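Breakdown of the fold
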Amino acid sequence: MDIIVSNLSKSFGVNPVLVDFNAIFPGHELTCIMGPSGCGKTTLLNILMGLIKPDSGTVSGVPRLKSAVFQEDRLCESFNAVSNVRLVCSRKVETGRIVSHLERIGLKGSLEQPVSELSGGMKRRVAIVRAILANSDIIFLDEPFKGLDVDTKKTVMQYLKDNLQGRTVIMVTHNIDEVNALGGRVIKMTGKDVKN
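The following paragraphs examine the structure supplied in this document. None of these values were measured; they are calculated from a predicted model.

Here we take up the overall build of the protein. Helix and strand counts for the protein stand at six helices and nine strands. The C-alpha radius of gyration computed for the protein amounts to 17 Å, which stays within 12% of the reference 16 Å derived for 196 residues, consistent with globular compactness. Based on the C-alpha atoms only, the size of the protein along its principal axes is roughly 50 × 35 × 30 Å. Burial status across the protein gives 49% buried among its 196 residues. Taking contacts inside the protein between residues at least 6 apart in sequence as the whole, the part at least 24 apart equals 70%. If you sum the accessible surface of the protein, you get close to 9500 Å²; carbon and sulfur atoms cover 50% of it. Placing the 25 positive and 20 negative side-chain charges of the protein at their respective mean positions leaves the two points 3 Å apart.

When you line up the elements, Val19 lands in strand E2 (residues 15–25). Spatially, the C-alpha atoms of Val19 and Leu75 are 33 Å apart, while their sequence positions differ by 56 residues.

Moving on: helix H1 (residues 41–48). Counting buried residues in H1 gives seven out of eight residues, a clear majority hidden from the surface. Within H1, burial applies to Lys41, Thr43, Leu44, Leu45, Asn46, Ile47 and Leu48. Where H1 ends, the next residue or the one after it, Gly50, has phi of about 85°, a positive value.

Glancing now at helix H3 (residues 95–104). Structural remark: α-helix, 3.6 residues per turn; residues separated by three or four positions point the same way. Among the residues making up H3, those that are buried are Ile98, His101 and Leu102. Considered in projection along H3, the buried side chains sweep an arc of 95° and stay on one side of the axis. On its buried side, H3 packs onto helix H2 (81–86), helix H4 (120–133) and helix H5 (150–163).

Okay, the environment of Leu44 next. Mapped onto the fold, Leu44 is located in helix H1. Look at Leu44 and you get buried, because its relative accessible area is 0%. Spatially, the C-alpha atoms of Leu44 and Met171 are 11 Å apart, while their sequence positions differ by 127 residues. Ignoring anything within four residues of it in the chain, the contact list for Leu44 reads Leu8, Leu18, Phe21, Phe25, Ile33 and Met189.

Counting residues in each nonpolar core, the largest one holds 38 residues, and the members touching the most others are Val85, Ile98, Leu102, Val126, Phe145 and Leu160. Every element with two or more residues in this core is listed here: strand E3 (30–34), H2, H3, H4, strand E6 (138–142), H5, strand E7 (168–172) and helix H6 (176–182). At eight residues, H4 tops the list of elements feeding residues into this core. In contact with Leu160, other than residues within four places in its own chain, are Ile128, Ile132, Leu141, Phe145 and Leu182. By size, the runner-up hydrophobic cluster in this structure holds 22 residues, among which are Ala23, Leu45, Phe70 and Ile170.

Attention now goes to the sheet that holds strand E1 (residues 3–12). Strand order in this open sheet of three strands is E2-E1-E4, and the pairing throughout is antiparallel. The sheet terminates laterally at E2 and strand E4 (56–60), the two strands that pair on one side only. Taking the axes of each pair of neighbouring strands and ignoring which way they run, one obtains an average angle of 20° across the sheet. Where E1 and E4 come together, four bridges link them in antiparallel fashion. If you follow Val5 over to E4, its bridge partner there is Val59.

Quick notes on the rules
- Residues numbered from 1 in each chain as written.
- Predicted model: local features only at pLDDT ≥ 70, side-chain atom pairs only at ≥ 80, totals over all residues.
- Heavy atoms only, no water.
- Helix = DSSP H or I, 4+ residues; strand = E, 2+ residues; numbered from the N terminus.
- Rg over C-alpha atoms; globule rule 2.2 N^0.38 Å.
- Buried < 20%, exposed > 50% of the residue type's maximum accessible area, 1.4 Å probe, protein only.
- Contact = heavy atoms within 4.5 Å.
- Areas by Shrake-Rupley, 256 points an atom, 1.4 Å probe, with all protein chains shown as cover.
- Lys, Arg positive; Asp, Glu negative; His and termini not counted.
- Charge placed at Lys NZ, Arg CZ, Asp CG, Glu CD.
- Arc of directions from axis to C-beta.
- Core = buried A, V, L, I, M, F, W, Y, C linked by side-chain atoms within 4.5 Å.
- Pairing = 2+ DSSP bridges.
- Axes fitted to C-alpha atoms, helices over the stretch in contact; angles between N-to-C directions.

Written as structure tokens, this is what we have:
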């Protein structure tokens, strides 16, 4: 099912962030949202996730089961990496599967320590695995590769490609190389309108 956004507007105080925004996000595909800082990309994501309400307009077709990688990692700092992922998984997901996912993106040897002791890039990867292994039909990714070095980023992009099949994915990025690597379609936001 496609997600249809119609005439969406949102202001914060006197600052309009979205003005009559329209877009279609195809179901079971990756759509990348690009545009300058401050044009409303994260606000749009937050509306689609149901975290904030628009001032006007409608959104339809968003699956009920959602997972996300936010700009901040939003991890439980005193828990280790495995426990952070376990929090969002169904009981059917075995611990060994969580461990193998975390090891695949370079976290072997860092799974037992509290995530508060991990580097920013390591925390980012925990957040990405958490979003992948959560029981969700749609994944929201808000600049998911922020803070990753070039080699790690390649590994994580391949990991995402291998694990996104069948789900609707909406990703905010500033980097066209990320779009090309993941094979997404692009919606460009200007802050006032949208061009497909």
